[in-house]
Amino acid sequence: QSHTRARVIAICSAGSCTGASTVAINLAYELSQKEKRVLLIDANLSEPNVAIYLDQRNLIDEELWRQSSPLMYIKELTKERISEFDTTIEKAHAEFDYILLDIGTIHDLSSQLSDRRADSLVITWAGDHADDLWIIARPDRIGQMRFKKITSILNRTSIISYSTFVLNMRSNGRKGQEEEKAFLGVATTHTAAHLYVLPADIRGTTDAADSRLVLAEANERGVLRKALAS
């Protein structure tokens, strides 16, 4: 990894409603607070969320990227402008320390890595070129089933990027312990570079969403904000 090229972290969702966009946005912000230049690219072509969460209007019209905070920049990809992706990434490599890709749901990874649809092109690129592929899972039974399916596909698929598995929205107390146990039972069937567990923080995420702020700005002492900063 050359020091002149950005580190690329692709963040995806093992199913729907895992909070992957929340993780991507706030991880990007926390990295910027560490004096790193960060570009967050919303590559979820079917359901873009970054502009909505950060109250950034007409983001898709931006030629390159838009500054969101002192060291954090954002961009939104579209199916119509997907041909600009390679050029954008190449320029970003020279200007940023980190590039974060929010690539949405990988519901059928095996076919997404082989077809030529626009959203699949980004997922394929991430598997081949990203330094890290973060897969976010939610703790309920459906989330466990979807996460298990993804890990099974990964065991049969060759990708270059390092895998990181994240259990998001872990409950408190004994219920949370059971959720974490089930997550680890699935996660350890595949060799991942890192395993992370993030706590549920309904109040913090709701306040941030309502005010269109990152977690640190809404409540810097929130449990999820502290976990992401760590």
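Here the structure is a predicted model, which is why all the values come from computation and not from measurement. (Residues numbered from 1 in each chain as written. Predicted model: local features only at pLDDT ≥ 70, side-chain atom pairs only at ≥ 80, totals over all residues. Heavy atoms only, no water.)

Colleague: Looking at this structure, I do not really get the pairing of strand E3 (residues 66-69). What am I missing?
Modeller: Sheet faces and side chains relate simply in a regular strand, where the side chains alternate between the two faces. Across three bridges, the pairing between E3 and strand E4 (residues 72-76) is antiparallel. Each residue of the ladder has a partner; that of Ser 69, found in E4, is Met 72. In this structure, the hairpin formed by E3 and E4 is closed by a connection of two residues. (Pairing = 2+ DSSP bridges. Helix = DSSP H or I, 4+ residues; strand = E, 2+ residues; numbered from the N terminus.)

Colleague: Hey, could you run me through the nonpolar core in this one?
Modeller: The nonpolar side chains of a soluble globular protein tend to be buried, and buried together. Formed by 38 residues in total, the largest nonpolar core has its most connected members in Ile 41, Leu 77, Phe 85, Leu 101, Ile 103, Ile 135 and Phe 147. Ranked by residues supplied to this core, first place goes to helix H5 (residues 118-129) with five residues. Apart from residues lying up to four places away in sequence, Leu 77 is in contact with Ile 41, Asp 42, Ala 43, Leu 45, Ile 82, Phe 85 and Val 122. Counting residues in each nonpolar core, the second largest holds 30 residues, with Ala 20, Leu 27, Ile 136 and Val 166 among its members. (Core = buried A, V, L, I, M, F, W, Y, C linked by side-chain atoms within 4.5 Å. Buried < 20%, exposed > 50% of the residue type's maximum accessible area, 1.4 Å probe, protein only. Contact = heavy atoms within 4.5 Å.)

Colleague: Can you help me understand helix H7 (residues 173-187) in this one?
Modeller: Structurally, the α-helix is built with 3.6 residues per turn, so residues lying three or four positions apart point the same way. The terminal C-alpha atoms of H7 lie 21 Å apart, and with 15 residues this matches the ideal 21 Å at 1.5 Å per residue to within 8%. When H7 is considered as a whole, its buried residues turn out to be Gly 176, Glu 179, Phe 183, Val 186 and Ala 187. Projection of H7 onto a plane perpendicular to its axis shows the buried side chains occupying an angular sector of 95°, all on one side. Residues of H7 that are exposed and angled more than 90 degrees away from the buried face: Arg 174 and Lys 181. Of the surrounding secondary structure, the elements contacted by the buried residues of H7 are helix H6 (141-154), strand E7 (162-170) and strand E8 (194-199). (Expected span 1.5 Å × (residues − 1). Arc of directions from axis to C-beta.)

Colleague: Sorry, what's going on with the packing of H6 against H7 here?
Modeller: Where H6 contacts H7, the two axes come as close as 9 Å, and the packing angle between them is 15°. Taken together, the axes of H6 and H7 lie roughly parallel to each other. Relative to H7, H6 is oriented so that their crossing is right-handed. On the side of H6, the interface is formed by Gln 144, Phe 147, Lys 148 and Thr 151, while H7 contributes Ala 182, Phe 183, Val 186 and Ala 187. Its residues placed into classes, the contact of H6 with H7 shows five nonpolar, two polar and one charged. (Axes fitted to C-alpha atoms, helices over the stretch in contact; angles between N-to-C directions. Parallel < 35°, antiparallel > 145°, perpendicular 65-115°, else oblique. Left-handed = near helix turned anticlockwise from the far one by under 90°. Nonpolar A, V, L, I, M, F, W, Y, C, P; charged D, E, K, R; others polar.)

Colleague: Got a minute to help me understand the packing of aromatic side chains in this structure?
Modeller: The geometry of an aromatic ring pair comes down to the distance between the two centres and the angle between the two planes. Within this structure, the stated rule accounts for six aromatic pairs. Seen from their ring centres, Trp 65 and Phe 96 are 5.1 Å apart, and the 80° between their planes marks the pair as edge-to-face. Linking Trp 65 in the loop between helix H2 (50-53) and E3 with Phe 96 in the loop between helix H3 (85-95) and strand E5 (98-105), this pair joins segments that are 31 residues apart in sequence. Aromatic pair Phe 85 and Trp 125: ring centres 5.3 Å apart, planes at 85°, arrangement edge-to-face. One end of the pair, Phe 85, is in helix H3; the other, Trp 125, is in helix H5, with 40 residues separating them in the sequence. You'll find Phe 85 and Trp 125 in the same group, each marked buried. Chaining the aromatic ring pairs together yields one cluster made of Trp 65, Tyr 73 and Phe 96. Residue placement shows Arg 37 over the ring face of Phe 96; its charged tip is 5.0 Å from the ring centre. (Phe/Tyr/Trp six-rings, centres within 6.5 Å; stacked < 30°, edge-to-face > 60°. Lys NZ or Arg CZ within 6 Å of the ring centre and 35° of its normal.)

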